[in-house]
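A structural walkthrough
Take a look at the letters that make up each chain.
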Amino acid sequence: MHPLILAAAHSAADLSEQCVDTNTFPLWLRVTHLINFLFMGMLIRSGIEIIASHPRFYLNDHCTPGSEWIRFTRDKVPMEEGAFTARDDQRSLSPVIALPGRAKIGLGRAWHGIATSFWMLNGLVYVVLLFATGAWRRLVPTTWQILPDAWDSLLTYLHLRAPSLCDFTPYDALQQLGYFTIVFIAAPLMIITGPAMSPAVVGRFPWYAKMFGGRQVARSLHFLGMALYLAFAVVHVGLVFIVHAPHNLTHIVFGHDDPNRVGQAYVTVIATIIVAVALWLAQSYWTLADLRRSQRILWNATRWIRRVTVDRLASRQSIAQPWTEKDISPFHWVNTRTPSREESPEYHELAANDFRDFRLEVSGMVSRPATFSLDELREIATQSQITMHTCMQGWTGIAKWTGIRVRDLLGQVGDIAPEAGWVMFESFGMAQHMHDGRPVEPYYTCLPLAMAMEDDTLLAWARNDEPLSGMFGAPLRLRCETGHGYKMVKWVRSVSLIRDYREVGDGMGGTREDSGYQDVNARI
Ligand SMILES: Nc1nc2c(c(=O)[nH]1)N[C@H]1C(S)=C(S)[C@@H](COP(=O)(O)O)O[C@H]1N2
Ligand SMILES: [Mo]
């Protein structure tokens, strides 16, 4: 018989030897362990959904094609900006693998937020109890002897032998080192790299991303952490069943060794794993069954945590000037091509004449609605800022944007009605598809008035000191640096003050919200 299987078969006998393990697993330990397992599964599955929308990892914030250190797509991206768009890169995965699957990154991101909140809450309870009960001594190595011992243990496994049960007091050295790494190194790494993905956090505290060597390094570390968790989970579950299984399983289920109830322990653990997998799959299919309902429920569930964190942050990049001319990306990803002649004959007519006849319409709940030519806008006020664009798909790019602050623009149209709470920006460009399959409508987004009034919210007419080219949004494109890219409407034709975003479009806050199931609040 195989030595490992032999070890497993004999471990029941081992228990009757002198190495009976008197350690117990208290109930709190077993319960938090189970909850952790459920949420880790959700985090990994929704993480996979997010990765699928830009399956490339970089160590530079320019995301230059070809500079990936790892990618999960064969598509080669030409260095010509806009030839291959970020949207072309998106992959659709099966709901069996990803949460929810089928390229629903908006809902995947919502699930990731929910799972993060509960996983952290559970982790907090676990760590507090770990220290309160003294159980930390089982995990935290207290001598350097752990290293040679773990090495010996590894060699034992590599020879396909199991360490004797006597070495599990309660954990053998390798196991202790593994658990310590997962709990005290990998988990904190995931918790600190996560916020570096948020454009609101980076907009307000650019040093936070820089601390890791950039936002893409943080994203790569977050990915490596996930890979470590996945590998750990497979090896850990595998070893639980291979090495001294009766001992392990009765501990997990009953809290202590119980050679008389091994069968019951097996059934309980296997049934629990089956139920967890079924639950993960059910989450995907429930999410996909009614996308709008899922969008409302899932994003609402993350609202409370955003309210006490990212909602308080406004971008200060134009003041702090974290990036300089030399940081500007040589290649900037493009999402969505210039509107075609069929989509917008009007746009093409204006473009043909270099937008000399273009007039930006500013209207809605203001006392003096008006229209402005590009020259008129330039005369009102100009601001330049070098900022990092963050697309929720995962890529970033640094550019210098020049334009008029939305705040200065709104200063030109009289009084804003006190009931006006939102600013809507409409585009000449079209949505790619609509939620219910109806003919495509113009792209738009709504910003809360406060966000529109932030120092770094611009209608830009230039990128890197050149007039905007078509694909980057000529004649005007929105920049709101605390939000993800989907808020930054390109080819802007009009600005209007409205009471509430629920009164326009499908009522979700913009095109990517209506038809991509993102949230109106794009700060994370
Ligand atoms: N009109 C319009 N504006 C848009 C989009 C769009 O599809 N249509 N996509 C948005 C998204 S998701 C991103 S990430 C940015 C990309 O900006 P870039 O192409 O200038 O890099 O544009 C935003 N503005
Ligand atoms: Mo985006």
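For the structure itself, consult the block above.
Residues numbered from 1 in each chain as written. Chains lettered and ligands numbered in written order. Predicted model: local features only at pLDDT ≥ 70, side-chain atom pairs only at ≥ 80, totals over all residues. Heavy atoms only, no water.

1. Concerning the overall build of the chain
Counting its secondary structure elements, the chain contains 19 helices and 12 strands. C-alpha extents for the chain along the principal axes are approximately 90 × 45 × 40 Å. Relative to its 524 residues, the chain shows a buried fraction of 53%. Contacts spanning at least 24 positions in sequence make up 73% of the contacts within the chain whose residues lie at least 6 apart. Accessible area for the chain stands at about 23,100 Å²; split by element, carbon and sulfur atoms hold 62% of it. One way to put it: in the chain the 48 positive side-chain charges average out to a point 2 Å from where the 49 negative ones average out. (Helix = DSSP H or I, 4+ residues; strand = E, 2+ residues; numbered from the N terminus. Buried < 20%, exposed > 50% of the residue type's maximum accessible area, 1.4 Å probe, protein only. Contact = heavy atoms within 4.5 Å. Areas by Shrake-Rupley, 256 points an atom, 1.4 Å probe, with all protein chains shown as cover. Lys, Arg positive; Asp, Glu negative; His and termini not counted. Charge placed at Lys NZ, Arg CZ, Asp CG, Glu CD.)

2. Quick notes on the nonpolar core
Nonpolar side chains in soluble globular proteins tend to end up buried together. Counting residues in hydrophobic clusters, the biggest one holds 50 residues, and the most contacted among them are Leu360, Leu377, Leu409, Phe425, Leu459 and Leu476. Broken down by element, this core gets its largest block of residues, 5 residues, from strand E9 (residues 457-463). Ignoring sequence-local partners within four residues, the contact set of Leu409 consists of Leu360, Val362, Phe372, Leu377, Ile404, Leu459 and Val495. (Core = buried A, V, L, I, M, F, W, Y, C linked by side-chain atoms within 4.5 Å.)

3. Section: the pattern of salt bridges
Tallied over the entire structure, the rule returns 23 salt bridges. A salt bridge links Glu81 to Arg463; its shortest N-O distance comes to 3.1 Å. Residue Glu81 is found in the loop between strand E2 (70-71) and helix H3 (105-132), and its partner Arg463 is found in strand E9; the two are separated by 382 residues along the sequence. Relative accessible area serves as the criterion here: at 18%, Glu81 is assigned to the buried category. Residue Arg463 is classed as buried on the basis of its relative accessible area of 13%. Across the pair Glu503 and Arg499 runs a salt bridge whose closest N-O atoms are separated by 3.6 Å. Note on Glu503: relative accessible area 54%, which makes it exposed. A cluster of three or more residues bridged by salt bridges with shared partners is formed by Arg292, Asp436, Arg438, Glu441 and Asp506. (Salt bridge = Lys/Arg side-chain N within 4 Å of Asp/Glu carboxyl O.)

4. Describing the site of ligand 1
Around ligand 1 lies a shell of 20 residues, among which Trp333, Asn335, Thr336, Arg477 and Lys490 are the nearest. A distance of 3.4 Å is found between an oxygen atom of ligand 1 and a side-chain nitrogen or oxygen belonging to His332. Measuring from an oxygen atom of ligand 1, one finds a backbone N or O atom of Asn335 at 2.9 Å. For ligand 1, whose free accessible area comes to 530 Å², the fraction covered by protein is 100%. Grouping the amino acids of the shell around ligand 1 by side-chain chemistry returns 10 nonpolar, 7 polar and 3 charged. (Near = heavy atom within 4 Å. Polar contact = N/O pair within 3.5 Å; in protein donor to acceptor, adjacent residues only side chain to side chain. Nonpolar A, V, L, I, M, F, W, Y, C, P; charged D, E, K, R; others polar.)

5. Notes on unusual backbone geometry
Working note: non-glycine residues mostly have negative phi, and peptide bonds are mostly trans. Of the consecutive residues Leu99 and Pro100, the connecting peptide bond is found in the cis state with omega at 0 degrees. Note on placement: Pro100 falls in the loop between E2 and H3. Residues Ala474 and Pro475 are joined by a peptide bond in cis, for which omega reads 5 degrees.

6. Examining the side chain of Gln283
Counting through the fold element by element, Gln283 comes out in helix H11 (residues 262-289). When sequence neighbours within four positions are dropped, the list of residues in contact with Gln283 reads Met42, Leu99 and Trp111.

7. Describing the environment of Ser92
Structurally, Ser92 can be placed in the loop between E2 and H3. For Ser92 and Arg102, which are 10 residues apart along the polypeptide, the C-alpha to C-alpha distance reads 4.7 Å. Contacts of Ser92, omitting those with residues within four sequence positions, involve Arg102 and Ala103.

8. Quick word on the packing of helix H5 (residues 146-158) against helix H6 (residues 173-193)
Remark: H5 packs on H6, axes separated minimally by 7 Å, with the N-to-C direction vectors making an angle of 110 degrees. If you check the angle between H5 and H6, you find them roughly perpendicular. Every residue of H6 that contacts H5 at Ile146, Leu147, Asp149, Ala150, Ser153, Leu154 and Tyr157 is listed here: Ala173, Leu174, Gln176 and Leu177. Along the lines of polarity and charge, the residues of the contact of H5 with H6 split into 8 nonpolar, 2 polar and 1 charged. (Axes fitted to C-alpha atoms, helices over the stretch in contact; angles between N-to-C directions. Parallel < 35°, antiparallel > 145°, perpendicular 65-115°, else oblique.)

9. A look at the packing of aromatic side chains
Counted under the stated rule, the structure contains 25 aromatic pairs. Here the aromatic rings of Trp422 and Tyr501 are separated by 4.6 Å at their centres, their planes lie at 70 degrees, and the arrangement is edge-to-face. In this pair, Trp422 sits in strand E7 (residues 422-430) while Tyr501 sits in the loop between strand E12 (492-498) and helix H19 (511-516), placing the two residues 79 residues apart along the sequence. Through a chain of ring-to-ring contacts, the aromatic side chains of Phe25, Tyr171, Tyr179 and Phe232 assemble into a single cluster. Seen from the ring of Trp461, Arg378 lies directly overhead, with NZ or CZ sitting 5.4 Å from the centre. Note that Arg463 overlies the ring of Phe472, its terminal NZ or CZ placed 3.6 Å from the centroid. (Phe/Tyr/Trp six-rings, centres within 6.5 Å; stacked < 30°, edge-to-face > 60°. Lys NZ or Arg CZ within 6 Å of the ring centre and 35° of its normal.)

10. Remarks on the pairing of E7
Counting buried residues along E7, 7 of its 9 residues qualify, which places the element largely inside the surrounding structure. As judged from the 6 bridges shared by E7 and strand E8 (residues 442-448), these two strands associate in the antiparallel manner. Bridge pairing in E8 links Trp422 to Pro448. Pairing of E7 with E12, which is carried by 6 bridges, proceeds in the antiparallel orientation. Among the inter-strand pairings, Met424 is bridged to a residue of E12, identified as Ser496. (Pairing = 2+ DSSP bridges.)

11. Examining H5
Its 13 residues give H5 an end-to-end C-alpha distance of 18 Å, which sits within 8% of 18 Å, the value for a rise of 1.5 Å per residue. When we look at burial in H5, the residues that qualify are Ile146, Ala150, Ser153 and Tyr157. Buried residues along H5 cover an arc of 60 degrees about the axis, so they all sit on one side. Relative to its buried face, H5 has exposed residues pointing more than 90 degrees away, namely Trp151 and Leu158. Structurally, H5 contributes buried residues whose contacts are with H6 and helix H9 (215-242). Once H5 finishes, Leu160 follows within two positions and takes phi at roughly 55 degrees, a positive value. (Expected span 1.5 Å × (residues − 1). Arc of directions from axis to C-beta.)

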